[in-house]
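# Reading the structure
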Amino acid sequence: MLSRILIASVFLLATQQVVAHEFPADFVWGAATAAYQIEGAWNVTGKGMSWNDWYNNIYKQLPLNQTGNVAIDFYHRFREDIALMKKMQLKNFRMSIAWPRVLPKGTVDQPSQEGIDFYNSVFDALHEAGIEPWVTLYHSDFPQALVTFDNASAWLNPNISNLFADYADFCFRTFGSKVKNWITLNEPAIAAWFGYGLGGGVPTRCSPKYNPECETLGKGGNSSTEPYLAAHNMILSHAKAVRTYREKYKQTQVGQIGWTLNIAHALPWNASDPDDIKAADTYLHFQLGWFANPIIYGDYPAIMREYITGNRLPTFTPEEQELVKGAYDYFGINHYTTVYVHHTGIVGDDYSNDARSWSSSKDINGDPIGPVAEVDWLYMYPPGIRGLFNWIKDNYNNPPIVVLENGFCIKGESQMPIAQAILDVQKVEYINDYIDNVVAAVTIDGVNAKGYFAWSFIDNFEWGSYVPRFGMVYVDYENDLTRYPKASSFFYSQKTSKIRAWARGEGEYPTYPKVLFELEELPDYSMIINNDLA
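Here we summarise the structure given alongside this text. (Residues numbered from 1 in each chain as written. Predicted model: local features only at pLDDT ≥ 70, side-chain atom pairs only at ≥ 80, totals over all residues. Heavy atoms only, no water.)

### Focus on the sheet that holds strand β11 (residues 401-405)
For the record, the criterion: Any two strands are treated as partners once DSSP identifies two or more bridges connecting them. Runs of H or I in DSSP of at least four residues are treated as helices and runs of E of at least two as strands, each being numbered from the N terminus. Simply put, an axis is a line fit to the C-alpha atoms, just over the touching stretch for a helix, and the angle between two N-to-C directions goes from 0 to 180 degrees. The contact definition used throughout considers only heavy atoms, calling two residues in contact when any of these lie within 4.5 Å.
Taking strand neighbours around the barrel as the criterion, the eight strands line up as β2-β3-β4-β5-β6-β8-β11-β12 in a closed arrangement whose pairing is parallel. In this sheet, adjacent strand axes meet at a mean angle of 25° when their direction is disregarded. In the sheet, strand β2 (residues 28-32) pairs with strand β3 (residues 92-96) via two bridges, with the strands oriented parallel. Residue A32 lies in a different strand from β3, and its bridge partner there is R94. Running at roughly 160° to strand β4 (residues 132-138), helix α6 (residues 160-175) makes contact with β4, β5 (181-186) and β6 (256-262) of the sheet. The sheet strands contacting helix α7 (residues 188-196) are β5 and β6, and the helix crosses β6 at an angle near 50°.

### Considering α6
Counted only if it meets this: Multiply 1.5 Å by the residue count of a helix minus one, and that product is the helix's expected span. Summary of the burial criterion: residues with accessible area below 20% of their type's maximum are buried, those above 50% are exposed, and those between are partly exposed, where the area comes from a 1.4 Å probe applied to protein chains only.
Across its 16 residues, α6 extends 22 Å between first and last C-alpha, which sits within 8% of the 22 Å expected from 1.5 Å per residue. The buried fraction of α6 amounts to twelve of the 16 residues, a majority that puts the element mostly inside the structure. Taken together, the buried positions of α6 are I160, S161, L163, F164, A165, Y167, A168, D169, F170, C171, F172 and F175.

### Some thoughts on the state of the cysteines
Defined as follows: Only a pair of cysteine sulfur atoms within 2.5 Å qualifies as a disulfide here.
Scanning the model with the defined rule gives one disulfide in all. In this model, C206 is linked to C214 through a disulfide, with the two sulfur atoms separated by 2.1 Å. Torsion about the S-S bond of the C206 and C214 cystine: about 110°, corresponding to right-handed handedness. Judged by its relative accessible area of 1%, C214 is buried.

### Considering the side chain of R469
To keep it simple, the criterion reads: As used in this structure description, the phrase polar contact means that two N or O atoms lie within 3.5 Å; if the pair is within protein, one of them must be able to donate a hydrogen and the other to accept it, and residues adjacent in sequence are counted only when both atoms belong to side chains.
Structurally, the position occupied by R469 is in the loop between β12 (449-455) and β13 (473-476). Here the side chain of R469 touches S414 through a polar contact of 3.0 Å, side chain to side chain. Side-chain polar atoms of R469 contact the side chain of D459, separated by 2.6 Å. Not counting the four nearest positions on each side in its chain, R469 is found in contact with F408, C409, I410, E413, S414, K427, D459, Y474, V475, Y477 and K486.

### Section: the pattern of salt bridges
Defined as follows: Salt bridges are defined by distance alone: a side-chain nitrogen of Lys or Arg within 4 Å of a carboxyl oxygen of Asp or Glu.
This structure, assessed with the given rule, holds 24 salt bridges. A salt bridge links D329 to R246; its shortest N-O distance comes to 3.0 Å. With D329 in the loop between α13 (318-324) and β8 (331-334) and R246 in helix α9 (residues 226-248), the pair connects residues that are 83 residues apart, well separated along the chain. In this structure, the salt-bridge partner of D354 is R312, at a minimum N-O distance of 2.8 Å. Residue D354 is located in the loop between β9 (338-343) and β10 (357-360), and its partner R312 is located in the loop between α12 (302-307) and α13; the two are separated by 42 residues in the primary sequence. On the basis of relative accessible area, R312 is assigned to the buried category, the value being 11%.

### Notes on the sheet that holds β10
Strands sit in the order β7-β9-β10 across an open sheet of three strands; the sheet is mixed. Either end of the sheet is taken by a strand with one partner, and the two such strands are β7 (265-268) and β10. Between one strand axis and the next, the sheet turns through 40° on average, direction left out of account. Direction of pairing for β7 relative to β9: parallel, over a ladder of four bridges. Considered in β9, the bridge of A266 is made with V339. Contacting β7, β9 and β10, helix α11 (residues 274-297) crosses the sheet at an angle of about 125° to β9.

### Some thoughts on the side chain of K47
You can see K47 is positioned in the loop between α1 (35-38) and α2 (51-59). According to the relative accessible area criterion, K47 is buried, its value standing at 14%. With near-sequence residues (within four places) excluded, K47 lies in contact with A41, W42, D53, P100, R101 and P104.

### Some points on unusual backbone geometry
Between V202 and the following residue, P203, the backbone shows a cis peptide bond with an omega angle of 0°. Here the bond from W455 into S456 is cis, since omega is 5°, no more than 30 degrees from zero. Tracing the chain through its elements places S456 in the loop between β12 and β13. In this structure, A154 is a non-glycine residue whose phi angle is positive, near 55°. For A154, the position within the fold is in the loop between β4 and α6. Its identity as a non-glycine residue notwithstanding, V254 has a phi of 55°, on the positive side. Judged by its relative accessible area of 61%, V254 falls in the exposed class.

Here it is in structure tokens:
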């Protein structure tokens, strides 16, 4: 039987470099998930339908393995999973509240006691295990009751910012004594472009060239304008939720609130071309600045105003500018990869090309930026997170950054025997090298980073498929959803605990030329590890 594993890793912060800034001893280390991707229990008593529930089960009638109907059944097995978190010495857990689980109709006049009881039980179990919840209010669980199949559907509803603020108020009031870290929206740029540009999400609206289903299901759309209108409403929704929290709850509940924006770092496709160098910067303004600029400065980036033609980018009124500017306590990002960007100079007609560039995982020589994951958009490039941190520092006055998602799924892992899959060495390398770049950005560059959450705590439903496995805990989908902690879970536990000690002045930084894992302590491993692996 295999008793121990040795995993090599590399620390990118060279020992000869001067550590000019202290690493905060209270830096937050955690792991992340989302409700639809783990909970299951899509039609239990008291729960309303989300868009995903309706689309997958009523409209499309998809097979079970293409839906989150069961997912990993966290709804019924959360105590088991929290016990695994405690064994990992996890101190912070990011999760989300499914909006229609607590408000079946999407409005506060008809709350679900069953949903309230479920989340209270989860929060209580987390606290009993010494784990702090970080809670997202919206992570793609849009209430189907608020989808109207017209040009005012979902995030285009003129009243959506008030409806969202009411929902946020309900959650702050109901759960605020147990939750001190709030995330309003997850990846609003994706929600805006996929839902209203490509027609690939709620509420399936777009121009006909992208998806013919937009005409039949979403009743039309305009990919040139509607993504920007939906995004504008999401920014206002976020800002109103922040205002509500600050005016009514922050002082007594002593918590913090922000949101999390998806962003790949960008490098010039041709490093010697000034146009490509500028295009990489413009890419970041379009991808991140679209949402970050309003909450930092009160308006969209100047380059977006310049490049987006036809008055398609909305304008903030003076009252809205006052509302959105400063609407954050921390700057949340989801970061996975880095891309090369090439300038085209061609005036665009929608968000996909308004930045007048295209992006690629390969440079001018055709060389990929790094090893590819199971999903074709994710390439490992650890220095990207440090570069991105410094770009945020330089453009947004060094705000307190929390990485709320960062992770990797190994190509072919779902086809491997479990004994091989749990030895996820490549994921260990990814986590190690990205963390080392986070630490370097703080200690050498002076970036104001405050936390890091690995995606994901556990394998889960990845929006249409269970094949990509981002989790640090393996889920056997063929055998009662049995959980098996992977090597990455032990590595993450050891790495972060040793960094905490180092930040307190106890010991040296954990460079890990070798990391030792003792697997004999784990239940069930004797059943899946073959003797010939020893």
